Amino acid sequence: MTEALADPMAARDHARAMAGTVVEAMPVVPPVAGDLPANVPAEDLLWEETIAAGGYATRRIARGSRLRLIDLAGDACASLLIFNAEMPSERLNVADTVKVQWNAYLGAGKLLLSDMGRVLMSILVDEAGTHDAFCGVSNAATNEAKYGSGRNSGAFPNGRDRLLLGAAKHGLQRRDVHPCVNLFKGTRIERDGTITPLIGPFAAGRSVLLRAEMDVIVVIANCPHVLDPRAQWTVTPLRVSAWRGGVTPADDPIRTAAPEGLRAFLNVEDYFRR
């Protein structure tokens, strides 16, 4: 096969013969999904993709859109970066997300805040309850120490380099890969300050639904959590869907739940008032 593909015409014919090939981990273009909420028209679907074990994905999502992540087999780890799509120097600030809300544990009703005091996304529904705002992602060195390799092109890719690949698709660089949150893999802080990883595996099909409060770029890596105690590199596919939705109204219960959160929403509304 290698010799045949050295001929450009044979390579072209081989490539064309692959047209229509479908694998589990790929974007669906145009997007199609059979399990949208009843109030979401099929034409409002914006993004449908399954991220392979060790894979990554990225997309620009408009304000008001919903982003649903599904842990298909119970062992996915969605490491999430978020940027202001109009001005990517504004991005998710995990420390402020924790401090401003007086709570380090993410879940339904929590906000993902930027470094400029605005809400980038809010969590509408959480069927998982196991998330992490402390540990960040693995890197080439941690994976090499644990699995013998951490290269992007190897069998055990690391989360940081996968996030870098996703960010690069928007013209962003290594310095732009900021601390992330991890969805579906959790941590618990013990009284003595130690971190206990909550790795699972868990029940298949758990989902998280987020709402974009600004026009955002999301980058998602699906690699084992950096504190995963298992000796084997273990992670399973992650499904991503996004659809159009309305901008958060003034009486939204998440918007008005706490004065700190309300201020962050007011900052968003002031931004869009320009």
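Residues numbered from 1 in each chain as written. Predicted model: local features only at pLDDT ≥ 70, side-chain atom pairs only at ≥ 80, totals over all residues. Heavy atoms only, no water.

## Structural notes on the pattern of salt bridges
Phase 1 of the analysis: Applying the stated criterion across every chain, the model contains 18 salt bridges.
Phase 2 of the analysis: The partner of aspartate 44 in a salt bridge is arginine 244, and the shortest N-O contact between them spans 3.6 Å. Linking aspartate 44 in the loop between α2 (8-17) and β1 (45-51) with arginine 244 in the loop between β13 (238-243) and α6 (259-271), this pair joins segments that are 200 residues apart in sequence.
Phase 3 of the analysis: Look at arginine 244 and you get partly exposed, because its relative accessible area is 45%.
Phase 4 of the analysis: The partner of aspartate 71 in a salt bridge is arginine 206, and the shortest N-O contact between them spans 3.6 Å. You can see aspartate 71 sitting in strand β3 (residues 66-71) and its partner arginine 206 sitting in strand β11 (residues 206-212), a full 135 residues away along the chain. For the pair aspartate 71 and arginine 206, one class covers both residues: buried.
Phase 5 of the analysis: Connected via shared salt-bridge partners are Asp35, Glu48, Arg68 and Arg239. (Salt bridge = Lys/Arg side-chain N within 4 Å of Asp/Glu carboxyl O. Helix = DSSP H or I, 4+ residues; strand = E, 2+ residues; numbered from the N terminus. Buried < 20%, exposed > 50% of the residue type's maximum accessible area, 1.4 Å probe, protein only.)

These values are about where atoms sit, not about what they do.
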